[in-house]
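# Understanding the architecture of this molecule
Chain residues, written in single-letter form:
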Amino acid sequence: QVQLVESGGGLVQAGGSLRLSCAASRRIFINIMGWYRQAPGKQRELVAHITGGGSTNYADSVKGRFTISKDNAQNTVYLQMNSLKSEDTAVYYCYVRATGFVRDYWGQGTQVTVSS
């Protein structure tokens, strides 16, 4: 079992920044680790992910504004969010696909609210 603990969400004005963190409860070898988000009335969508080798992928809507990174020693992934817009308001969920586990694991979600 892997538990993911997210932190860093909150309320910020448009144009501001937030940094989300997601820490795994045990040492893992990451295949893919990243973030989805879900706004009210909308489907959950991929925000960004990073592979064990360090390759990254971003949703078009966040390219150039968000940066995903990881710290293997801390089993943690980060999402630096800059130039936030009201449309970034959502619950952000961390997930991981790790070597040796048969399923993906998800965090409990952290709320990000951007006021205009």
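Residues numbered from 1 in each chain as written. Predicted model: local features only at pLDDT ≥ 70, side-chain atom pairs only at ≥ 80, totals over all residues. Heavy atoms only, no water.

This part covers the environment of Arg19. Its place among the elements puts Arg19 in strand S3 (residues 18–24). In this structure Arg19 comes out as partly exposed when scored by relative accessible area, which is 45%. Separated by 44 residues in sequence, Arg19 and Lys63 place their C-alpha atoms 16 Å apart. Not counting chain neighbours up to four residues away, the residues in contact with Arg19 comprise Ser7, Gly8, Tyr78, Leu79 and Gln80. (Helix = DSSP H or I, 4+ residues; strand = E, 2+ residues; numbered from the N terminus. Buried < 20%, exposed > 50% of the residue type's maximum accessible area, 1.4 Å probe, protein only. Contact = heavy atoms within 4.5 Å.)

Turning our eyes to something else, we now look at the environment of Lys70. Among the structural elements, Lys70 can be located in strand S7 (residues 66–71). Using a relative accessible area of 22% as the deciding quantity, one classes Lys70 as partly exposed. Each C-alpha atom, one on Lys70 and one on Tyr95, is 13 Å from the other, the two residues being 25 residues apart in sequence. Discounting chain neighbours no more than four positions away, the residues touching Lys70 are Ile30, Ile50, Thr51, Gly52, Gly54, Thr76 and Val77. One polar contact links the side chain of Lys70 to the main-chain carbonyl oxygen of Gly52, over a distance of 3.3 Å. (Polar contact = N/O pair within 3.5 Å; in protein donor to acceptor, adjacent residues only side chain to side chain.)

When you tally the buried positions in strand S8 (residues 76–81), you get five out of six residues, the bulk of the element. Sheet topology note: the S3/S8 ladder contains six bridges and is antiparallel. Bridge pairing links Leu20 to Leu79 in S8. Examined bridge by bridge, S7 and S8 share six bridges and lie antiparallel to one another. By the bridge assignment for S8, Phe66 is matched with Met81. (Pairing = 2+ DSSP bridges.)

Right, let's get into the packing of aromatic side chains. Counted under the stated rule, the structure contains four aromatic pairs. Where Phe101 meets Tyr105, the ring centres are 5.8 Å apart and the plane angle is 90°; that geometry is what we call edge-to-face. Residue class for Phe101 comes out partly exposed when judged on its relative accessible area of 22%. Under the relative-accessibility criterion, Tyr105 is labelled buried at 9%. Aromatic rings pair up to connect Tyr36, Tyr95 and Trp106 into one cluster. Lying across the ring of Tyr93, Arg44 places its NZ or CZ 3.9 Å from the centre. (Phe/Tyr/Trp six-rings, centres within 6.5 Å; stacked < 30°, edge-to-face > 60°. Lys NZ or Arg CZ within 6 Å of the ring centre and 35° of its normal.)

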